[in-house]
Amino acid sequence: QVQLVESGGGLVQAGGSLRLSCAASGGTVSTSVMGWFRQAPGKEREFVAAISWTGITTEYLDSVKGRFTISRDNAKNTVYLQMNSLKPGDTAVYYCAATSPRNILVIDARDYNYWGQGTQVTVSS
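Quick summary incoming for the structure in this document. Keep in mind that what you see is a predicted model, and the values were worked out from it rather than measured.

## Notes on the pattern of salt bridges
(1) Moving on: In total, this model carries five salt bridges according to the counting rule given.
(2) Moving on: In this structure, the salt-bridge partner of Asp90 is Arg67, at a minimum N-O distance of 2.8 Å. Residue Asp90 is located in the loop between strand 8 (78–83) and strand 9 (92–101), and its partner Arg67 is located in the loop between strand 6 (58–60) and strand 7 (68–73); the two are separated by 23 residues in the primary sequence. For the residue pair Asp90 and Arg67, the accessibility class agrees, reading buried in each case.
(3) Moving on: Among the ionic contacts, a cluster of salt bridges with common partners joins Arg38, Glu46, Arg67 and Asp90.

Here you go:
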C-alpha cells in the first residue's frame, strides 16, 4: 500500500515562494502519474498540477501556470511543487496524489488511487 506524506507548507507573504514535497513509501510510484490538488475553506478540492511518470509531460491549473512547477525524482520516490509569486487566493490545504501505474496523464481526482494527508499553505496579503 503506497503512503504519501507531504511537507513544506507554511505561512508566506504574497509574492513569496514555497516548495512542497511529497514522499512515497510502501511501494514505488515511479510509473504512476503524480498530482497536486488543493482545497480552500468552503470550496471543493481542485486540480493544481500533474506530471507523467517519465516527467516529460505536465499539466497545470490555468491560474497557476507560469508560477508553479511540478517535478519528480523517481529515484527518491518524491514529487515536488515549486510555488512562486504566491497570492492570497492560493491559500488552501495542498494534497499530493498518485495513480496506479499509468501512461496517460490525468487531472480528474477520481483517477488517483493514493492520497496524502495534506499540508496547509497560507498566503497573507
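## With respect to the state of the cysteines
(1) Moving on: Under the criterion given, the structure shown has one disulfide.
(2) Moving on: The disulfide that involves Cys22 links it to Cys96, with 2.0 Å between the sulfurs. Residues Cys22 and Cys96 are joined by a disulfide whose S-S torsion is about -75 degrees; by sign, that bridge is left-handed. One end of the pair, Cys22, is in strand 3 (residues 18–25); the other, Cys96, is in strand 9, with 74 residues separating them in the sequence.
(3) Moving on: With relative accessibility at 1%, the residue Cys22 sits in the buried group.

## Considering the environment of Val5
(1) Moving on: With respect to the helices, strands and loops of the structure, Val5 is situated in strand 1 (residues 3–7).
(2) Moving on: With relative accessibility at 54%, the residue Val5 sits in the exposed group.
(3) Moving on: Discounting chain neighbours no more than four positions away, the residues touching Val5 are Ser21, Cys22 and Ala23.

## Section: the side chain of Thr119
(1) Moving on: Among the secondary structure elements, Thr119 is positioned in strand 11 (residues 119–124).
(2) Moving on: Of note is the side chain of Thr119, whose polar atom sits 3.3 Å from the backbone nitrogen of Gly9.
(3) Moving on: Those residues in contact with Thr119, other than ones at most four positions away along the chain, are Glu6, Gly8, Gly9, Leu20, Ala92, Val93 and Tyr94.

## Considering the packing of aromatic side chains
(1) Moving on: Counted according to the given criterion, the structure contains four aromatic pairs.
(2) Moving on: For the pair Phe37 and Trp115, a centre-to-centre distance of 5.0 Å together with 55 degrees between the ring planes defines the contact as tilted. Placement of the pair is Phe37 in strand 4 (residues 32–39) and Trp115 in strand 10 (residues 114–115), with a sequence separation of 78 residues.
(3) Moving on: Overall, Phe37 belongs to the buried group, its relative accessible area being 1%.
(4) Moving on: The partly exposed category is assigned to Trp115, whose relative accessible area is 27%.
(5) Moving on: In this structure an aromatic cluster arises from ring pairing among Phe37, Phe47, Tyr112 and Trp115.
(6) Moving on: Its end group placed over the ring of Tyr80, Arg19 keeps NZ or CZ at 4.0 Å from the ring centre.
(7) Moving on: Its guanidinium or amino end placed over the ring of Trp115, Arg45 lies 4.8 Å from that ring's centre, counting from NZ or CZ.

Rules behind the numbers
- The numbering scheme is per chain: residues are counted from 1 as the chain's sequence reads.
- Since the coordinates come from a predicted model, pLDDT governs what is reported: local features require at least 70, and pairs of side-chain atoms require 80 or more to be given and counted, while whole-chain, interface and lining totals use all residues.
- Heavy atoms throughout the structure, all of them, feed into the side-chain values; hydrogens and water do not.
- Within this document, salt bridges are pairs made up of a side-chain nitrogen of Lys or Arg and a carboxyl oxygen of Asp or Glu, the two lying within 4 Å of each other.
- Elements are defined by DSSP. Helices are runs of H or I of four residues or more, strands are runs of E of two residues or more, and each kind is numbered from the N terminus.
- Burial classes: relative accessible area under 20% of the type maximum marks a residue as buried, over 50% as exposed, and values in between as partly exposed (1.4 Å probe, protein chains only).
- When the sulfur atoms of two cysteines come within 2.5 Å, that pair is taken as a disulfide.
- Throughout, a contact is declared for two residues whenever any of their heavy atoms are within 4.5 Å.
- For this analysis, a polar contact is any N or O atom pair within 3.5 Å, provided that within protein one partner can donate a hydrogen and the other can accept it, and provided that sequence-adjacent residues contribute only side-chain to side-chain pairs.
- Here a pair means two rings of Phe, Tyr or Trp (six-membered ring of Trp) with centres within 6.5 Å. Their orientation is stacked below 30 degrees between planes, edge-to-face above 60, and tilted elsewhere.
- Either the NZ atom of lysine or the CZ atom of arginine qualifies as a charge over a ring when it sits within 6 Å of the ring centre and within 35 degrees of the ring normal.

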